[in-house]
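# Tertiary structure, described
Given next are the chains, with one letter for each unit.
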Amino acid sequence: MDRFSWSNGLLEINETLVIQQRGVRLYDGDDKAKLDVGVVLLSTHRLIWRDVKNHECCIAMPLSQIILFEEQAAGIGKSAKIVIHLHATPANKEPGPYQHSKYSFIKLSFKEHGQIEFYRRLTEEMTQKRWENTPVSQPISTGTGSQAGRTRAVGIVGIERKIEEKRKETDKNISEAFEDLSKPLIFYPLYCMIVQTSYLWISNLCQAHILLCEMVELSRSIANKIKDKQGDITEDETIRFKSYLLSMGIANPVTRDTYGSGTHYHMQLAKQLGDMLQAPLEERGGMMALTEVYCLVNRARGMELLSPEDLVNACKMFESLKLPLRLRVFDSGVMVVQLQSHSEEEMIASALDNVLDKGSLTAEEFAKLLGLSVLLCKERLLLAEKMGHLCRDDSVEGLRFYPNRF
Amino acid sequence: MHRRGVGAGAIAKKKLAEAKYKERGTVLAEDQIVQMSKQLETFKSNLEEFASKHKQEIRKNSEFRVQFQEMCATIGVDPLASGKGFWSEMLGVGDFYYELGVQIVEVCLALKHRNGGLITLDELHQRVLKGRGKFAQDVSQDDLMRAIKKLKVMGNGFGMIPVGGSYLVQSVPAELNMDHTVVLQLAEKKGYVSVSEIKDSLKWEKERACHILDHLLKEGLAWLDSQAPGEAQYWLPALFSESTSRDVTPEEANQMTP
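Keep in mind that what you see is a predicted model, and the values were worked out from it rather than measured.

This next bit is on the side chain of Arg132(B). Residue and element names in this part refer to chain B. Here Arg132 shows up in helix H6 (residues 121–132). The charged side chain of Arg132 is buried without a salt bridge, its nearest counter-charge being Glu99 at 5.3 Å. Here Arg132 is in contact with Phe96, Leu100, Gln103, Gln137 and Val139, once residues within four sequence places are set aside.

The next thing to look at is the packing of aromatic side chains. Under the definition given, this model contains 10 aromatic pairs over all chains. Considering the side-chain rings of Phe43(B) and Trp87(B), the 5.5 Å spacing of their centres and the 70 degrees angle between planes classify their relative orientation as edge-to-face. On the criterion of sequence distance, the pair formed by Phe43(B) in helix H2 (residues 29–60) and Trp87(B) in helix H4 (residues 86–91) is long-range, its members being 44 residues apart. The class for Phe43(B) is buried, based on a relative accessible area of 2%. Taken together, the ring pairs connect Phe43(B), Phe68(B), Phe86(B) and Trp87(B) into an aromatic cluster. Seen from the ring of Tyr98(A), Lys34(A) lies directly overhead, with NZ or CZ sitting 4.6 Å from the centre.

Residues and elements named next belong to chain A. Interaxial distance between helix H11 (residues 344–358) and helix H12 (residues 363–370) falls to 12 Å at its minimum, and their mutual angle equals 105 degrees. What the angle tells us is that H11 and H12 run roughly perpendicular. The residues of H12 that touch H11, namely those facing Ala351, Asn354 and Lys358, are Phe366, Leu369 and Leu370. Tallied by class, the residues present in the contact of H11 with H12 amount to four nonpolar, one polar and one charged.

On to the nonpolar core, then. Counting 87 residues, the largest nonpolar core has Leu311(A), Val337(A), Phe43(B), Phe68(B), Trp87(B), Ile104(B) and Leu124(B) as the members making the most contacts within it. The leading source of residues in this core is helix H6 (residues 197–227) of chain A, at 13 residues. No fewer than three residues from each of domain 2 (185–248) and domain 3 (256–333) of chain A sit in this core. Residues within four places of Leu124(B) in sequence aside, it is in contact with Ile104(B), Val107(B), Cys108(B), Ile119(B), Leu144(B), Ile148(B) and Val169(B). Counting residues in each nonpolar core, the second largest holds 29 residues, with Leu35(A), Ile59(A), Leu63(A) and Phe110(A) among its members.

Turning to H11(A), a few remarks are in order. All names here are of chain A. Between its terminal C-alpha atoms H11 stretches 22 Å, which fits the 21 Å expected from 15 residues at 1.5 Å a residue. All buried positions along H11 are accounted for by Met347, Ile348, Ala351, Asn354 and Val355. Along the axis of H11, the buried positions cluster into a sector of 130 degrees, meaning they face one direction only. Of the exposed residues in H11, those oriented more than 90 degrees away from the buried face are Glu345, Asp353 and Asp357. Positive backbone phi, at 90 degrees, marks Gly359, one or two positions downstream of H11.

Cut-offs used in this document
- Residues numbered from 1 in each chain as written.
- Chains lettered and ligands numbered in written order.
- Predicted model: local features only at pLDDT ≥ 70, side-chain atom pairs only at ≥ 80, totals over all residues.
- Heavy atoms only, no water.
- Helix = DSSP H or I, 4+ residues; strand = E, 2+ residues; numbered from the N terminus.
- Buried < 20%, exposed > 50% of the residue type's maximum accessible area, 1.4 Å probe, protein only.
- Lys, Arg positive; Asp, Glu negative; His and termini not counted.
- Salt bridge = Lys/Arg side-chain N within 4 Å of Asp/Glu carboxyl O.
- Contact = heavy atoms within 4.5 Å.
- Phe/Tyr/Trp six-rings, centres within 6.5 Å; stacked < 30°, edge-to-face > 60°.
- Lys NZ or Arg CZ within 6 Å of the ring centre and 35° of its normal.
- Axes fitted to C-alpha atoms, helices over the stretch in contact; angles between N-to-C directions.
- Parallel < 35°, antiparallel > 145°, perpendicular 65-115°, else oblique.
- Nonpolar A, V, L, I, M, F, W, Y, C, P; charged D, E, K, R; others polar.
- Core = buried A, V, L, I, M, F, W, Y, C linked by side-chain atoms within 4.5 Å.
- Domains from an automatic or database assignment.
- Expected span 1.5 Å × (residues − 1).
- Arc of directions from axis to C-beta.

Given below as structure tokens:
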């Protein structure tokens, strides 16, 4: 291990990266080196190793140091290794992590595999000895900024550090990351080779974003034309357009009519609901809260579930499809599906009867009586009150309804 | 709705309109709709490829879901608008959130008798995770919030109230205005609040404080402890935490009362 020198990991002109492998631990002879697991890089000229966590910790050794190398197979609890035997330390070697070592060989322990390919490439490089043909100058110890003209350094360490920082930034502030979408995506393909999946992800996400922007622009243009009644657009075409919007998840700017989104999908759904909800509605006194319907229907489906909006849009079509159900919104904003046969008068009359019978009722008591949800019972009582049949006693003990004797 | 007329007269009229439009350089809406359907096909195949690469990641990693949602939000696209959308069908995001919606409704309904329809996002998160079992996909608080946003559409009073760095999830259509919210935020630290605390911290008159607290009592969101030393305390069961409370059975309760 005393053959290694500290390095900044930047490649020189004419030096090319051949292969790199993560998850490698170095051994000084048979002993584990006093370093953590890191990345080993093979270039045409050197063997480089860098700590994964601390990118400043980077060491390198010229390939000319290598006499021979051999594979050491993996064992139980032991990773596969490559043992590299080395020449004596040259006199002008730059300082490194080890001043001195009693061994003249090192081992690379491949904890995340990759030893087969690495061995193959090392063999190639040691056979070709490309470093002999293209000697490199002394490594530059300071940053490359001002030396940009001198080297075309593809500073791996520098790039990976920037990516790590950017990754942290991105994780924290997504919107900032997406501001980059306006800039050309030059960097990403270059980095994709070196970088992990998440950048492939971001690159694909960016492309999806661009495509989506176009589609939304187009749909807005069409919507405006329809609104202004420009051109001769048939009903069919409008329905088709609405279904495109639906499949993209673009809000429908054309109409906010009572027919909801007016697509065939929702018409079908409405008919299905008409069949499916008859029995449950009758069991529950003719009325169900929309959230209850949502749970019931989706539990029954198991997959290809309905979105809340799908349900609302389908329910809005009950009347136009002449189905015996209605969507109803109470003053409180509570939305229910009710059987059309279930008339308002009946509900109010039954509420009044029950209250007269018991003298007074709270929503909870009424719910227990009828075996229905508290929410809907409260709505019935409120309705009866609205019609003037009941009056309330509102105290900290609760809301209680009495027959209206006025 | 316009209907395309038939007959020579209508055709001529159409040709004239087309010519006029082309003159001004504008494109006919019908042509644009055709263009849109072509672009949709392209989009669909791109999305298929996207899904083949990233569907698993989105399923497993809530961070990916956040990024994906934010990307869509910046353009005004709602991938959760419909189960019939491309997003649901190809990327499978829909079912994840819609099912989560069902679970949220069920948890809120089950606890409503106790907390009046108000629950902390943390407690909701814990209970939903428990209900999903060990082998289900992980669910983050961001996922819950997006599912709740969708549930609002169904008008059953779902909403979120910011409190102490997190949120209270409301699942009943109780009217809660700014005053109520502020009192809830005040109560968040200890789980209860008193009239004099409100007077001191918020500088309200006694009547205003009492009015608000009464409303919370009526809605079943607060419980009155009139036996507290000093003055009455108004406790909020939604804010009960593991450290200050626990569930007991009726038998245990009988043994505990003095």
